[in-house]
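Observations on the three-dimensional arrangement
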Amino acid sequence: MALDIAKIRNIGFVGHGGVGKTSLVEAILFACGATTRIGRADDGTTTTDFDPDEIKRKISLSTAVAFCDYKGVRLNLVDTPGYGDFVADARAGLRVVSAAVVVVDAVAGVQVQTEKVWKFANEYALPRVVVINRLDRERADFFRTLESLQKRLKARLAPFQIPVGSEAGFTGVVDLIAMKALVTVDGKVRETEIPGEAMETAKAYREKLAEAAAETDDELLTKYLEEGAIGEAEMLDALRKAVFQGALVPVLAASATRGIGILPLLDLILKEFPSPADQGDVEGVDPRGKNPATRTPDPRAPLSALVFKTISDPHVGKLSLFRVYSGTVKSDSQVFNSTRDIKERVGHLGWLQGKAQKPVESLGPGEIGVVAKLKDTLTGDTLSDEAAPVILPGIAFPEPAISFAIQPKSRGDEDKISTALQRMEEEDPTLRHHFDPETKQLLVSGIGQLHVEVVVERMKRKYNVDVTLLPPRIPYKETVKGRSEVQGKYKKQTGGRGQYGDVWLKVEPLGRGSGFEFVDDIFGGSVPRNYIPSVEKGVRECMKRGILAGYPVVDLKVTLYDGSYHDVDSSDMAFQIAASMGLQKGFMEARPCLLEPIMNVEVAAPADHAGDVIGDLNGRRGRIVGMEPEGDVVAVRAQVPMAEMLTYESSLRSMTGGRGGYSMEFSHYDEVPGQLAEKVVAAAKAEKEKP
Ligand SMILES: Nc1nc2c(ncn2[C@@H]2O[C@H](COP(=O)(O)OP(=O)(O)OP(=O)(O)O)[C@@H](O)[C@H]2O)c(=O)[nH]1
Ligand SMILES: [Mg+2]
């Protein structure tokens, strides 16, 4: 029997790295009796950080799912990673839930990835709650964190609680709706009167909450303004509606590792967050006629399910994690992968408890489950009924931003390496590899250095191949700043039939990020129609190979405006070569330049080190774009070329005595200054001439 859809809550746990998402999920599982002991992130014993690399590094590297039952309702907890390199997985996790728990650290407040996941949640219009966690730590401050939230997140936030006690003395929370305290004494939660010292603050925040409730509704607001108060029931009702719609975001207080604030969070999830039934119909496309199609969350409707995560293991094989939107999928059956137009056999189905699975006969709408050994299904694919196929919107993943060359440690391992990488790409859509014929190197591309390092470790542990990671290759690009008009002529006369192609090309720059434009401006047949695609192909191939230093050419407009041909000797190939020759010449005459990736960097450093951090960033050709003090920490935002950030980790560590942290992501491409560009070009040339 599939679960009752109204009694399911699918919840995503998101936030900046290390704020306690995994610990919070662990505390919830324990509180609901799904586990008999509380695992600890530091000991590598949590349910959702089960991967050996996660245990070793003490951070979540990928999204994991666990379930528990609370007051008769099934909670599917989707624990996502918070570190920048892996945060794409958080977006995939949020794709299949109906609400999000955004966890922030009570010392650090809003951090880079907090804003990132907030945007992901906006994208899917998810109702959410903010949990201010780690309130038991030194220098933790609920109210200062609240301020940071209000300043940096564009949302209507309302504390539903305030903490009882602070730092090591943080013992519980005041529920501002019931005006009661829930304190933990000897590991047990007790409901008590509000302690005297918290009373005044509680009253003030209760008033703010009433105001927030009144503001959700014009009629209520009038009443509030006229009478100075609104009734308890009205207030609750208004708050509930606003939270449900995502118009108001409750803020709660917690300590995951001390088990404080867990039950009120669960009650809120139960009462205020939508079930998959409330989420209603989903929209997709019928692949047969490309028409829009909707699916109702009904167990008897045709099946639609979305695969949001793939785990591949050399021993267990492939696991596909999916959420059902409509219909019912049964063990030992066949489904239709409508994204790839193939049938797939479904063997055993299961619910997920971290790495463990609980076998089930079938999964209905709203459920999240796992199936092993689907042959060709990948993340983002829709599973449906062959008779009534539908494709649900997929999941967008960011493009890799950084590439490293890798070398096998033992000879003859090349094949093993590509097999391993192919497998890992099945489970990680942000990973790519390719062989660069120019440098004869195997390049692995990922989101950041940590990402690629983890891939290399995994390759060793799971696939038993050891490789050396060479310094990263900066993905430069080439373009022009000026214009030129040139001829490209290819003529060969060898014995019998010759080769003849002749084109005149105009080469011009395009705006940053616009890619490539080919304009056919031939009138009167100086280049015959059937050779025009050959010219475009020649130009494109040449752009791909690069001209200045072997990096791809971008932001270029090429106009073919004249040429000539020969009745016998002209051919597709001859025109391709002529175009390529023309472009190489035209490119070099149009003031070529190199472009480099510029990163958005955010550094959090102790305030007394801010000067050093800024000076150092300036030295890295960085441009400081903002600086915000947050307590005794300063957040510095800058734009810095990627080439200057390769050694940042260790520099920051030594500059701040290990207390600084940073994150970065790709922002845009910009011109490499002249002298540096010359060096890159010279290095590329040397590389090419190497035997
Ligand atoms: N003092 C204190 N420490 C906590 C609390 N919650 C988590 N921690 C600690 O914070 C560290 C990170 O906890 P995790 O649960 O792994 O954090 P996370 O948000 O899942 O981290 P990522 O998934 O890697 O982004 C661990 O050392 C936890 O023990 C808390 O409430 N109080
Ligand atoms: Mg985690």
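The following paragraphs examine the structure supplied in this document. All figures in this text were calculated on a predicted structure; none of them were measured in a lab. (Residues numbered from 1 in each chain as written. Chains lettered and ligands numbered in written order. Predicted model: local features only at pLDDT ≥ 70, side-chain atom pairs only at ≥ 80, totals over all residues. Heavy atoms only, no water.)

Comments concerning the pattern of salt bridges
Any two side chains of opposite charge can pair, so long as their charged atoms come close to each other. Counted by the stated rule, this structure contains 45 salt bridges. In this structure, E671 engages K481 in a salt bridge whose closest nitrogen and oxygen atoms are separated by 2.9 Å. Of the two residues, E671 is situated in strand β36 (residues 661–671) and K481 in the loop between β28 (477–480) and β29 (484–492); the sequence distance between them amounts to 190 residues. What makes K481 partly exposed here is its relative accessible area of 39%. A salt bridge links D520 to R529, with the nearest nitrogen and oxygen atoms 2.9 Å apart. (Salt bridge = Lys/Arg side-chain N within 4 Å of Asp/Glu carboxyl O. Helix = DSSP H or I, 4+ residues; strand = E, 2+ residues; numbered from the N terminus. Buried < 20%, exposed > 50% of the residue type's maximum accessible area, 1.4 Å probe, protein only.)

Description of the coordination of the magnesium ion (ligand 2)
Binding of the magnesium ion (ligand 2) to the protein goes through T22 (OG1) and S60 (OG), at separations of 2.0 Å. Pair noted here: T22 is in helix α1 (residues 21–31) and S60 is in the loop between α2 (52–57) and β2 (64–70), with a separation of 38 residues, a long-range link. Here S60 falls in the buried class, since its relative accessible area comes to 9%. (Donors = N, O, S within 2.8 Å, 3.2 Å for Na, K, Ca; no water.)

Describing the nonpolar core
The biggest cluster of nonpolar side chains holds 105 residues, and the ones touching the most others in it are V101, V130, L149 and F160. For this core, the element with the highest residue contribution is helix α6 (residues 196–214), accounting for eight residues. Among the nonpolar cores identified, the runner-up in size contains 44 residues, and I402, L421, Y476 and V613 belong to it. (Core = buried A, V, L, I, M, F, W, Y, C linked by side-chain atoms within 4.5 Å.)

Regarding helix α13 (residues 532–545)
Compared with the 20 Å implied by 1.5 Å per residue over 14 residues, the 20 Å span of α13 between its first and last C-alpha is a close match. Lining the buried residues of α13 we find β30 (499–509), β31 (516–520), β32 (556–564) and α14 (572–589). Residue G546 follows α13 closely and has a positive phi angle near 85°. (Expected span 1.5 Å × (residues − 1). Contact = heavy atoms within 4.5 Å.)

Fair warning: the whole summary comes from geometry, so function is off the table for now.
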